[in-house]
Amino acid sequence: MTTLTEPYRDMLRSLIALRKYVKIFYTTDLNELISVTSIMTELTTKPEGDSVTLASGESIPVNRLVNVNGVYAPGHEDYESCLDCRI
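Because the structure is predicted, anything quoted here is derived from the model rather than measured.

Conventions adopted
Residues numbered from 1 in each chain as written. Predicted model: local features only at pLDDT ≥ 70, side-chain atom pairs only at ≥ 80, totals over all residues. Heavy atoms only, no water. Buried < 20%, exposed > 50% of the residue type's maximum accessible area, 1.4 Å probe, protein only. Helix = DSSP H or I, 4+ residues; strand = E, 2+ residues; numbered from the N terminus. Pairing = 2+ DSSP bridges. Contact = heavy atoms within 4.5 Å. Axes fitted to C-alpha atoms, helices over the stretch in contact; angles between N-to-C directions. Expected span 1.5 Å × (residues − 1). Arc of directions from axis to C-beta.

Looking now at the pairing of strand S1 (residues 21–27). The side chains of a regular strand alternate, residue by residue, between the two faces of the sheet. Among the seven residues in S1, five count as buried, and that is most of the element. Bridging between S1 and strand S2 (residues 33–46) involves seven bridges; their strand directions are antiparallel. From the neighbouring strand, Val 22 faces S2, where its bridge partner is Ser 38. What sits between the antiparallel neighbours S1 and S2 is a turn of five residues, in which Asn 31 has the positive phi angle 65°.

Shown next, in the form of structure tokens:
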């Protein structure tokens, strides 16, 4: 499980405050890599873990985030080579 560091949390909060579209890459339960461009509206803490809510209402667990707006989540830097052509 990826540990979310405070600087990464701060970056997510900053992007939420800006209310601008960001490119998000995340993995599903089946380990599929999904990309979406959306506005993040909220960072919530739940007993099962933190999650980011998108303007569409979709909720993405923070431990599934791979890259947000070009910044890799801690522990997911190894995805850089496969995302180079997609970012």
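The six strands are arranged S4-S3-S2-S1-S5-S6 in an open sheet whose pairing can be described as antiparallel. Both outer strands of the open sheet, strand S4 (59–61) and strand S6 (71–72), are each paired with one neighbouring strand and no more. Across three bridges, the pairing between strand S3 (residues 49–54) and S4 is antiparallel. Counted as the bridge partner of Ser 51 is Pro 61 from S4. Across the sheet, helix H1 (residues 6–18) touches S1, S2, S3, strand S5 (65–68) and S6, and the angle it forms with S2 is around 100°.

If you check the backbone angles, Arg 19 has positive phi at about 55° while not being a glycine. With a phi close to 55°, Asn 69 is a non-glycine residue in the positive phi region. For Asn 69, the location among the structural elements is in the loop between S5 and S6.

Once that is clear, we can look at H1. For H1, with 13 residues, the first-to-last C-alpha span of 18 Å sits near the 18 Å given by 1.5 Å per residue. All of the buried residues in H1 are Tyr 8, Arg 9, Met 11, Leu 12, Leu 15 and Ile 16. On an axial view of H1, the arc spanned by its buried residues comes to 160°, and they lie on one face. Exposed and facing more than 90 degrees away from the buried side of H1 are Pro 7, Ala 17 and Leu 18. Buried-residue contacts for H1 involve S1, S2, S3, S5 and S6. After H1 finishes, the residue Arg 19 shows a positive phi value of roughly 55°.

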